[in-house]
Amino acid sequence: SSDLFRHGATRLFSLNFQLDQADGHVVKLLEYNNIESALSEVARDLSSCQSALCLYLEKEREKFPRFYFVGDNDLLLLLGQPSNLESWKANIQKIFHGIHSLKDQTLTAITISVPLQVGDVKGSTDHIVSVLSEMGEELVLTSPVSIDTDLHESLRVLETAIVTSLRSEERRVG
């Protein structure tokens, strides 16, 4: 499907170049050979790309059924930027019913060596530390959830962390 997209983009680019050469005069486009067939081919290529994209999104929804509650554009945003916390925050209500927002914390991984060397700080990652309901009730997760590049796995870990934290809270209160 990437070849199909690349081929269609090339054809569209070529057609766009011809449009630029026409300098805004639509009648000049009729002078170009096969303009009608070129437009038909571009439309067919775009339709094929759209079908391939719909198939891809369906496969992603089969892997993680909660994605059925997320629209195509939002799902593409999540899949395209799986470690983008803002994308998570914008769509968490659709993925997990009852969760209104997330609290995050940036955790830095540090390796200490003696003597201290350059490179001991390994990097920082965003972690979800709690979830909040629409009423502002906060459930602190028993262990922070790392926002990783594997979106499906990170969401499964979050789902498990929510269940575990709810059970822990229930035992504590009950």
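Everything in this summary refers to the structure shown in the same document.

Conventions and cut-offs
- Residues numbered from 1 in each chain as written.
- Predicted model: local features only at pLDDT ≥ 70, side-chain atom pairs only at ≥ 80, totals over all residues.
- Heavy atoms only, no water.
- Salt bridge = Lys/Arg side-chain N within 4 Å of Asp/Glu carboxyl O.
- Helix = DSSP H or I, 4+ residues; strand = E, 2+ residues; numbered from the N terminus.
- Buried < 20%, exposed > 50% of the residue type's maximum accessible area, 1.4 Å probe, protein only.
- Contact = heavy atoms within 4.5 Å.
- Patch = residues over 30% accessible without salt bridge, like charges linked within 9 Å, V, L, I, M, F, W, Y side chains within 5 Å.
- Areas by Shrake-Rupley, 256 points an atom, 1.4 Å probe, with all protein chains shown as cover.
- Axes fitted to C-alpha atoms, helices over the stretch in contact; angles between N-to-C directions.
- Parallel < 35°, antiparallel > 145°, perpendicular 65-115°, else oblique.
- Nonpolar A, V, L, I, M, F, W, Y, C, P; charged D, E, K, R; others polar.
- Core = buried A, V, L, I, M, F, W, Y, C linked by side-chain atoms within 4.5 Å.
- Polar contact = N/O pair within 3.5 Å; in protein donor to acceptor, adjacent residues only side chain to side chain.

## With respect to the pattern of salt bridges
Moving on, step 1. Under the defined criterion, the tally for this structure stands at 7 salt bridges.
Moving on, step 2. The partner of arginine 61 in a salt bridge is aspartate 72, and the shortest N-O contact between them spans 2.9 Å. Linking arginine 61 in helix 3 (residues 35–63) with aspartate 72 in helix 4 (residues 72–80), this pair joins segments that are 11 residues apart in sequence.
Moving on, step 3. What makes arginine 61 buried here is its relative accessible area of 9%.

## Points about the side chain of serine 154
Moving on, step 1. Within the secondary structure layout, serine 154 lies in helix 6 (residues 151–173).
Moving on, step 2. The contact partners of serine 154, leaving out residues within four places of it in the chain, are Trp88, Val145, Ser146, Ile147 and Asp148.

## A look at a nonpolar patch on the surface
Moving on, step 1. A cluster of nonpolar side chains, contributed by Leu53, Tyr56 and Leu76, occupies part of the molecular surface with about 230 Å² of accessible area.
Moving on, step 2. Here leucine 76 is to be found in helix 4.

## Topic: the packing of helix 3 against helix 4
Pairs of packed helices are described in terms of their axes, by the angle between the two and the distance that separates them.
Moving on, step 1. One can describe the packing of helix 3 onto helix 4 by two numbers: an axis separation of 11 Å at closest approach and a directional angle of 70°. Overall, the two elements helix 3 and helix 4 adopt an arrangement that is roughly perpendicular. Residue-level contacts link Leu53, Tyr56, Leu57, Glu60 and Arg61 of helix 3 to Asp72, Leu75, Leu76 and Leu79 of helix 4.
Moving on, step 2. Residue composition of the contact of helix 3 with helix 4, grouped by class: 6 nonpolar, no polar and 3 charged.

## With respect to the nonpolar core
One recurring pattern in soluble globular proteins: nonpolar side chains tend to sit buried together.
Moving on, step 1. Core analysis: the largest hydrophobic core is formed by 25 residues, its most contacted members being Trp88, Ile95, Phe96, Ile128, Leu155 and Leu158.
Moving on, step 2. Looking at this core, the elements with two or more residues in it are helix 4, helix 5 (85–95), strand 2 (121–132), strand 3 (138–146) and helix 6.
Moving on, step 3. Top element by residues in this core is helix 6. It accounts for 5 residues.
Moving on, step 4. Sequence-distant contacts of phenylalanine 96, that is, excluding residues within four places in its chain, are made with Phe64, Arg66, Leu155, Leu158 and Glu159.

## Details of the side chain of serine 165
Moving on, step 1. Relative to the assigned elements, serine 165 resides in helix 6.
Moving on, step 2. Here the side chain of serine 165 touches threonine 142 through a polar contact of 2.8 Å, landing on its backbone nitrogen.
Moving on, step 3. Other than its neighbours up to four places away in sequence, serine 165 contacts Leu139, Val140, Leu141 and Thr142.

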